[in-house]
Amino acid sequence: MEQGPRGGGSRPAEPGPCLSSQCGADQAASVSLLSAGGAEPGSRTLAVAAVLPAGGCGERMGVPTPKQFCPVLERPLISYTLQAMERACWIKDIIVVVTGENMEAMENIIKKYKHKRISLVEAGVTRHRSIFNGLKALADNQPNSRLSKPEVVIIHDAVRPFFEEDILLKVVTAAKEHGAAGAVRPLVSTVISPSADGCLDHSLERARHRASEMPQAFLFDVIYEAYQQCSDYDLEFGTECLQLALKYCHIKAKLVEGSPDLWKVTYKRDLYAAESIIKERISQEICIVMDTKENKEHISHLLEEVLKTELNHIHVRSQALYNAGSDIQHIILEQCYNFVCVNVKEPDFQETQKLMSMLEESNFSILYSIVVVSVHFLDFKFASPSQKMESLMCIREFAKKMKKRKVLLYGLIINYSQDEQKLQESLRQGAIIIAALIKERNSALIGQLLVA
Ligand SMILES: Nc1ccn([C@@H]2O[C@H](COP(=O)(O)OP(=O)(O)OP(=O)(O)O)[C@@H](O)[C@H]2O)c(=O)n1
Ligand SMILES: O=P(O)(O)OC[C@@H](O)[C@@H](O)[C@@H](O)CO
């Protein structure tokens, strides 16, 4: 582990700004794009590594925990960035640069969320110094290091979790050709230059300028040389790696238009935005689990159809509970983290308990919590919801137990009226409640029984 300068410490004088197990995009396309000889079949694949600076203190976030470790849906922000980077299976090493005091916390995150290909390096007192420490770990002359020098290195802030594999491919491919490349975005605000007396000196024409985002990529020798030549002033106060390649290696980086999601988590509002985006992304698929799929008139299928109609932006699939163990694992691997379990058998809760056992037996993804809505039907004309609730009170203890396994269990009683119109209305209300439970994933509501 590189012993760079201790992390944290003094800050620059002016207040510098302190996604599945299978490879992402078509792997064949990635490999041909990255083969050293271009797309020639069978040519050598490009050696690519990534450096993720994560040694900051997150001053602008305004909380004691450095923002890269702040929880989003009960999981540290940096884990989402690592998950996204790991989708690119052609990146051979991911160097995460953290302060000495956060080394153990980072090791625990890597272990808990089973991140791979990660090496830790100690941060510097500025971002540039941290990046430089990461590059040194990859340079050839490291004693006892299992790391080898890559041809191209990606540099990506650990607090930018929302990027797809295609932007990585684009900047790496461009860097291979131009020596350096970086993602850019249109400016939202106009950039102005103030005069010494704090008045407007001039403004830049917004359409002719861009915001520099991440990821960036460089021929390793280019950016390593730039950092070795870098002045102390630049190491202390600089904010732009592309500028270092230009200033010290005369390399003009290729600018690559990026997607709107490349923003950096900087202020507290960005954490709320990140949580909302992640919730949106993992609530796009629902699996309705039922005792059997044969009887199409069965209430489960009526509920399935209403879910499809009412939640038309969500993909609804169905699964027979019988002998579904291996299917459940597969469903989760296909990024479905939401289950609606229809209970029709006596005693109550039987189907849900069976599903829970299957979930417990499957080593399902620890990256996201699993939502299970246990649905029960009752004709309110013949029995009151409160009577049903009495028989379902076991859900509360069960929910507490499953929370430890990252399963959020909610109960829903739907009025199974003999009146067709009333039944449809109850099913519609039930669908709306299910959508809300899945979208919000609020652990404060686990074990509660809602009524539609
Ligand atoms: N000495 C430092 C400072 C920053 N970073 C990292 O560089 C990335 C982008 O920097 P920034 O958003 O400025 O993070 P902080 O410096 O933590 O934020 P602030 O400026 O608000 O303190 C972050 O992942 C941050 O952890 C780093 O590795 N080493
Ligand atoms: O200055 P900060 O440490 O907030 O961010 C560093 C970089 O992310 C930022 O400068 C981008 O413009 C890319 O260079």
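Residues numbered from 1 in each chain as written. Chains lettered and ligands numbered in written order. Predicted model: local features only at pLDDT ≥ 70, side-chain atom pairs only at ≥ 80, totals over all residues. Heavy atoms only, no water.

- By the naming in an unreviewed UniProt entry, the chain is D-ribitol-5-phosphate cytidylyltransferase, taken from Ictidomys tridecemlineatus.
- According to UniProt, the comment filed for the chain under the heading Subunit (unreviewed entry) is "Homodimer."
- Checking UniProt for the chain, the heading Subcellular location (unreviewed entry) contains the comment "Cytoplasm, Cytosol". (UniProt positions renumbered as here; feature names shortened; annotations may be inferred.)

1. What about the overall build of the chain?
Then comes step 1: Each helix and strand counted, the chain has 15 helices and 17 strands in total.
Then comes step 2: As presented, the chain carries roughly 20,900 Å² of accessible surface, and 53% of it is formed by carbon and sulfur atoms. (Helix = DSSP H or I, 4+ residues; strand = E, 2+ residues; numbered from the N terminus. Areas by Shrake-Rupley, 256 points an atom, 1.4 Å probe, with all protein chains shown as cover.)

2. Things to note about the side chain of Arg-441
Then comes step 1: Along the chain, the position of Arg-441 falls in the loop between helix H15 (420–440) and strand E17 (449–451).
Then comes step 2: As a buried residue without a salt bridge, Arg-441 has its nearest oppositely charged side chain in Glu-74, at a separation of 9.6 Å.
Then comes step 3: Here the side chain of Arg-441 touches Asn-338 through a polar contact of 2.7 Å, side chain to side chain.
Then comes step 4: When sequence neighbours within four positions are dropped, the list of residues in contact with Arg-441 reads Ile-282, Tyr-337, Asn-338, Ser-369, Ile-370, Val-371, Leu-408, Tyr-410 and Ala-436. (Buried < 20%, exposed > 50% of the residue type's maximum accessible area, 1.4 Å probe, protein only. Lys, Arg positive; Asp, Glu negative; His and termini not counted. Salt bridge = Lys/Arg side-chain N within 4 Å of Asp/Glu carboxyl O. Polar contact = N/O pair within 3.5 Å; in protein donor to acceptor, adjacent residues only side chain to side chain. Contact = heavy atoms within 4.5 Å.)

3. Observations regarding the pattern of salt bridges
Then comes step 1: With the rule as written, the count across this model stands at 25 salt bridges.
Then comes step 2: Between Lys-149 and Asp-221 there is a salt bridge, and its shortest N-O distance comes to 2.8 Å. Here the residue Lys-149 occupies a position in the loop between helix H4 (127–138) and strand E6 (152–155), and Asp-221 occupies one in helix H6 (residues 220–229), the gap between them amounting to 72 residues.
Then comes step 3: Look at the salt bridges and you will find they share partners, linking Arg-127, Asp-157, Arg-160 and Glu-213 into a network.

4. Quick notes on the nonpolar core
Then comes step 1: Counting residues in hydrophobic clusters, the biggest one holds 113 residues, and the most contacted among them are Ile-91, Val-96, Met-106, Ile-154, Leu-303, Phe-339 and Leu-359.
Then comes step 2: If one sorts the elements of this core by residue count, H15 sits on top with eight residues.
Then comes step 3: With near-sequence residues (within four places) excluded, Val-96 lies in contact with Leu-52, Ala-54, Ile-78, Leu-82, Met-106, Ile-118, Ser-119, Leu-120 and Val-121.
Then comes step 4: Within the second largest apolar cluster, 33 residues are counted, among which are Val-97, Ala-123, Ile-155 and Phe-220. (Core = buried A, V, L, I, M, F, W, Y, C linked by side-chain atoms within 4.5 Å.)

5. Observations concerning the domain arrangement of the chain
Then comes step 1: The domains assigned to the chain are domain 1 (30–277) and domain 2 (285–451).
Then comes step 2: Averaged C-alpha coordinates put domain 1 and domain 2 at centres separated by 41 Å.
Then comes step 3: Contacts between domain 1 and domain 2 engage seven residues on the former and six residues on the latter.
Then comes step 4: Here domain 1 meets domain 2 over a buried area of about 680 Å², counting both sides, of which 53% is carbon and sulfur.
Then comes step 5: Counting every contact that joins domain 1 to domain 2 gives one salt bridge.
Then comes step 6: A salt bridge links Glu-74 to Lys-403; the shortest N-O distance between them is 3.2 Å.
Then comes step 7: Our count for the domain 1 to domain 2 interface comes out at three residue pairs in polar contact (both at pLDDT 80 or more).
Then comes step 8: When grouped by side-chain class, the residues that make up the side of domain 1 that touches domain 2 number two nonpolar, one polar and four charged. (Domains from an automatic or database assignment. Buried area = accessible area lost by both parts, 1.4 Å probe. Nonpolar A, V, L, I, M, F, W, Y, C, P; charged D, E, K, R; others polar.)

6. Topic: the sheet that holds E6
Then comes step 1: Spatially, E5-E4-E1-E6-E10-E7-E11 is the arrangement adopted by the seven strands of the open sheet, whose pairing is mixed. With partners counted over all chains shown, the strands left at the sheet margins are strand E5 (118–122) and strand E11 (254–257), one partner each. Averaged over all pairs of adjacent strands, the angle between strand axes in this sheet comes to 25°, irrespective of strand direction.
Then comes step 2: The sheet contact formed by E6 and strand E10 (residues 210–219) spans four bridges and is antiparallel. Opposite Ile-155, over in E10, you have Gln-216 as the bridge partner.
Then comes step 3: In this fold H4 packs onto strand E1 (48–53), strand E4 (91–98), E5, E6 and E10, with an angle of close to 150° to the strand it touches most, E1.
Then comes step 4: Sheet strands in contact with helix H5 (residues 165–178) are E1, E4, E6, strand E7 (180–186), E10 and E11, and its direction is about 65° off that of E10. (Pairing = 2+ DSSP bridges. Axes fitted to C-alpha atoms, helices over the stretch in contact; angles between N-to-C directions.)

7. Remarks on the side chain of Asn-102
Then comes step 1: Tracing the backbone shows Asn-102 in the loop between E4 and helix H3 (103–112).
Then comes step 2: Excluding residues within four positions of it along the chain, Asn-102 makes contact with Pro-66 and Phe-69.

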